[in-house]
There are 2 protein chains.
Amino acid sequence: MHTNTTVNGIDVEALKKVAGEVAEDPTKGMVGFRVTSHWAGGTKTQSTVNGYTMAGREIEKSFQIEADEPQELLGENTAPNPQELLMAAFNSCMMVGYIAGAAMEGINLEKCEIHTEGELDLRGFLGLDNQVRPGYEHLRYTVTIKGDGTAEQFEAIHQNVIRTSPNRWNLANDIRLESRLITEPADFST
Amino acid sequence: MHTNTTVNGIDVEALKKVAGEVAEDPTKGMVGFRVTSHWAGGTKTQSTVNGYTMAGREIEKSFQIEADEPQELLGENTAPNPQELLMAAFNSCMMVGYIAGAAMEGINLEKCEIHTEGELDLRGFLGLDNQVRPGYEHLRYTVTIKGDGTAEQFEAIHQNVIRTSPNRWNLANDIRLESRLITEPADFST
C-alpha cells in the first residue's frame, strides 16, 4: 500500500498527515491514556489497559501489565518491578522518537538500543529519613544507533528526542498529581 | 514459616528487618535498577531486565517488557504503549506502598485499586509548538482501598505513599537525565 513511503516500519506519509492535521486543528492531537491497576496479593499488581481516547474518540485496546517485587524486596519475583516498568516506559517512548525521527529524514536504521540505569536509596521509601528522596536523583542512559545517517544527523535526532519525548519530559520535569482516596469497610469481620 | 507475621502477603517481620538493617547501614538500602531496550521494528520496543543490584550485590532476574503504539499512532498495537507502561509503573509502585503500609499497621486488605489518567497534547511530541510540553501537565488518580482499617488509618497510609513512593516522586519531581549517544555506520550500502 504505502511501501514506497515506509522507512523503519514507519509510514512517513501517514506520520506527516497526522502532523499536518494536528497543526491545523490541535484538538486532533489530544490523546488521553488511562490504566487501572488491581492488587494481586503481596507486592503483585495487575494493570489493565482497555482503551484510550484520541481527539475525543474512544479507541478500544486490551492489555495486561504485571508487576512484582523481587524476593529481596519482599515479593515473589513473578514480573518486572515498578522501577523496571518505569525504565521500559522511558526507553520505549524515546525509541519511537529515534525511529520516527530517522524515518522522517529518510535514514534507514539497522539497530537502536537504549540502556538506562539508576539507583534508589531505600531510606526514602522506608520513611527512615525525610532528607532522602524516595526516587532517582539522576538516571543515566546510553543510546546506540546504527544506520545510514551521518553522525550529525543522529546527533540532531538525539537532541530532538530530548526536546520532544513525552516520557523523557515526564521524568525530567515535575507533573502535578491529583489524588483521590476512596475507602471501603471490610466485608469480613476480624 | 512466617505465617503469623504475614499480612496482605507481606512478611511484616522481614520488612521490619530490612528497614532496621537499612537504618543501621544505609549502603544496604542502595538499589540499582537497569533496563536495556531494543528496537523491534516500527514503533515496537522490547525491553529486557536481566538483573539488579542491592547493596552492591548483583541479583539475577529475567523479564521482557513489550511496547508498541496503537495503529492511530502509527504502530501495530501489539502491546501497551509507553504512556500505559508509565502509568502501570506509577500505579504498581504506589500499590506496594499501600499494601506494605497497611501490613505494617496490621490492617487486612480485601481490595486495592488505582486508576490513573492523563492527557497529552501531541503538538509537543510532533515538535509543532515549542510552547507545548510533550508530557503531562497533570495526572489524576483514584485509589480505592477496602479493608479493616479506619478511614483515618487509610488516609494516613495515603499521605505516607505520597511522601515515600519512588515512582510517584519520580513523576512529581524532576530527575536529572544524563545521556550518551553512540552512532554506528550501517553495514548495508544504500
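Residues numbered from 1 in each chain as written. Chains lettered and ligands numbered in written order. Predicted model: local features only at pLDDT ≥ 70, side-chain atom pairs only at ≥ 80, totals over all residues. Heavy atoms only, no water.

### Observations concerning the overall build of chain A
Stated formally: Starting at the N terminus, helices and strands are each numbered in turn, a helix being any DSSP run of H or I of at least four residues and a strand any DSSP run of E of at least two. Throughout, the radius of gyration refers to the C-alpha atoms, and the reference size of a globule is 2.2 Å times the residue count to the power 0.38. Three labels apply to residues, based on accessible area from a 1.4 Å probe with only protein chains included: buried if under 20% of the type maximum, exposed if over 50%, partly exposed otherwise in between. Areas reported as accessible are Shrake-Rupley estimates using a 1.4 Å probe. Residue values count occlusion only from the protein chains shown.
Within chain A one finds 5 helices and 8 strands. Relative to the compact-globule value of 16 Å for 190 residues, chain A shows a C-alpha radius of gyration of 20 Å, a clear excess of over 25%. For chain A, the C-alpha atoms occupy an extent of roughly 65 × 35 × 30 Å along the three principal directions. Burial analysis of chain A (190 residues in total) assigns 53% to the buried set. Carbon and sulfur atoms form 46% of the exposed surface of chain A, whose accessible area is close to 8,100 Å².

### Considering the nonpolar core
To keep things clear, this is the line we draw: The set of buried Ala, Val, Leu, Ile, Met, Phe, Trp, Tyr and Cys residues whose side-chain atoms join them within 4.5 Å is what this entry labels a nonpolar core. Residues are treated as being in contact if the distance between any of their heavy atoms lies within 4.5 Å.
Residues Y98(A) and Y98(B) are the most contacted members of the largest nonpolar core, which totals 96 residues. Leaving out residues up to four positions away in the same chain, Y98(A) has contacts with L109(A), C112(A), I114(A), Y141(A), V143(A), I145(A), I157(A), H158(A) and V161(A).

### Things to note about the confidence of the model for chain A
Filter applied, for reference: Every residue is assigned a pLDDT by the predictor, reflecting its confidence on a scale from 0 to 100.
Residues at a pLDDT of 70 or more form 97% of chain A, whose mean pLDDT is 96. Here the predicted complex scores 0.97 on pTM and 0.97 on ipTM.

### What to know about the packing of aromatic side chains
Residue and element names in this part refer to chain A. The criterion, for reference: Note on aromatic contacts: the rings of Phe and Tyr and the six-membered ring of Trp form a pair at centre separations within 6.5 Å, being stacked when their planes are under 30 degrees apart, edge-to-face when over 60 apart, and tilted otherwise.
One pass over the full model with this rule turns up 4 aromatic pairs over all chains. Relative to Y52, the ring of F33 has its centre 5.6 Å away and its plane inclined at 10°; by these criteria the two rings are stacked. Placement of the pair is F33 in strand β3 (residues 30–39) and Y52 in strand β4 (residues 45–54), with a sequence separation of 19 residues. With a centroid separation of 5.2 Å and 90° between ring planes, the pair formed by F90 and Y141 is classed as edge-to-face. One end of the pair, F90, is in helix α2 (residues 82–104); the other, Y141, is in strand β7 (residues 138–147), with 51 residues separating them in the sequence. As far as the burial class goes, F90 and Y141 line up, both buried.

### Quick word on the interface of chain A and chain B
To keep things clear, this is the line we draw: Joining two parts hides part of their accessible area as seen by a 1.4 Å probe, and the buried area is that hidden amount summed over both. In protein, a polar contact means a hydrogen-donor-capable atom and an acceptor-capable atom, both N or O and within 3.5 Å, with residues adjacent in sequence counting only if both atoms are side-chain atoms; elsewhere, any N or O pair within 3.5 Å suffices. Each residue is assigned to one class: nonpolar for Ala, Val, Leu, Ile, Met, Phe, Trp, Tyr, Cys and Pro, charged for Asp, Glu, Lys and Arg, and polar for all the others, Gly among them. By the convention used here, strands pair only if DSSP detects at least 2 bridges between them.
On the chain B side, the residues contacting the 131 residues of chain A number 131 residues. Interface area for chain A against chain B, summed over the two sides, is near 12,100 Å², with a carbon-plus-sulfur share of 64%. One can count 62 residue pairs in polar contact (both at pLDDT 80 or more) joining chain A with chain B. Take the side of chain A that touches chain B: its biggest share by element is 16 residues, from α2(A). Taken together, the residues of the side of chain A that touches chain B sort by class into 64 nonpolar, 39 polar and 28 charged. When β7(A) meets strand β8 (residues 176–185) of chain B, the two strands line up parallel, connected through 10 bridges. Bridge pairing in β8(B) links L139(A) to L177(B).

### Quick word on the relation of the copies chain A and chain B
Worth spelling out the cut-off: Copy-to-copy superposition: least squares on the C-alpha atoms, limited to residues that have pLDDT of at least 70 in both copies.
Of the transformation superimposing chain A on chain B, the axial component is 0.0 Å and the angular component is 180°, with the fit at an RMSD of 0.0 Å. Viewed as a symmetry operation, the transformation between the two copies matches a two-fold axis. Of all interface residues in chain A, 100% are interface residues in chain B too; the two copies therefore contact each other through one and the same surface.

### Some details on the pairing of strand β5 (residues 57–67) of chain A
Residue and element names in this part refer to chain A. Judged from the 9 bridges that link them, β4 and β5 form a sheet pairing that is antiparallel. Looking across to β5, one finds that T48 is bridged to Q64. The turn joining β4 and β5, which pair antiparallel and follow one another in sequence, is formed by 2 residues; a positive phi near 55° is taken by A55.

### Focus on the sheet that holds strand β6 (residues 109–121) of chain A
Across a sheet, strands are paired by hydrogen bonds formed along the backbone, either parallel or antiparallel in direction. Note the threshold: All axes here are fitted lines through C-alpha atoms, helices being fitted over the stretch that makes contact, and every angle between N-to-C directions spans 0 to 180 degrees.
Spatially, 6 strands are ordered β5(B)-β4(B)-β3(B)-β6(A)-β7(A)-β8(B) in an open sheet, and the strand pairing comes out mixed. Because the sheet does not close on itself, it has two edges, and the strands there are β5 (57–67) and β8 of chain B. Each adjacent strand pair in this sheet contributes to an overall mean axis angle of 15°, direction not counted. Each of β6 and β7 of chain A together with β3 (30–39), β4 (45–54), β5 and β8 of chain B touches α2(A); the most contacted strand, β6(A), lies at about 150° to it. Packed onto the sheet, helix α4 (residues 151–164) of chain A meets β6 and β7 of chain A together with β8 of chain B and runs at close to 155° relative to β8(B).

### Overview of helix α2 (residues 82–104) of chain B
Residues and elements named next belong to chain B. Worth spelling out the cut-off: In this analysis, the expected span of each helix is defined as 1.5 Å times one less than the number of residues it contains.
Along its 23 residues, α2 runs 33 Å from first to last C-alpha, staying within 8% of the 33 Å computed at 1.5 Å per residue. With 22 of 23 residues buried, α2 lies mostly within the body of the structure. For α2, the capping residue at the N-terminal end is N81, with a side-chain oxygen 3.0 Å from the backbone nitrogen of Q83. A positive backbone phi angle near 70° is found at G106, which sits one or two residues after α2.

### Things to note about the pairing of β6(A)
Pairing analysis gives 9 bridges linking β6(A) to β7(A), with the strands arranged antiparallel. Looking at β7(A), one finds that E117(A) is bridged to R140(A). For β6(A) and β3(B), the ladder comprises 9 bridges, and the chain directions are antiparallel. Looking across to β3(B), one finds that I114(A) is bridged to S37(B).

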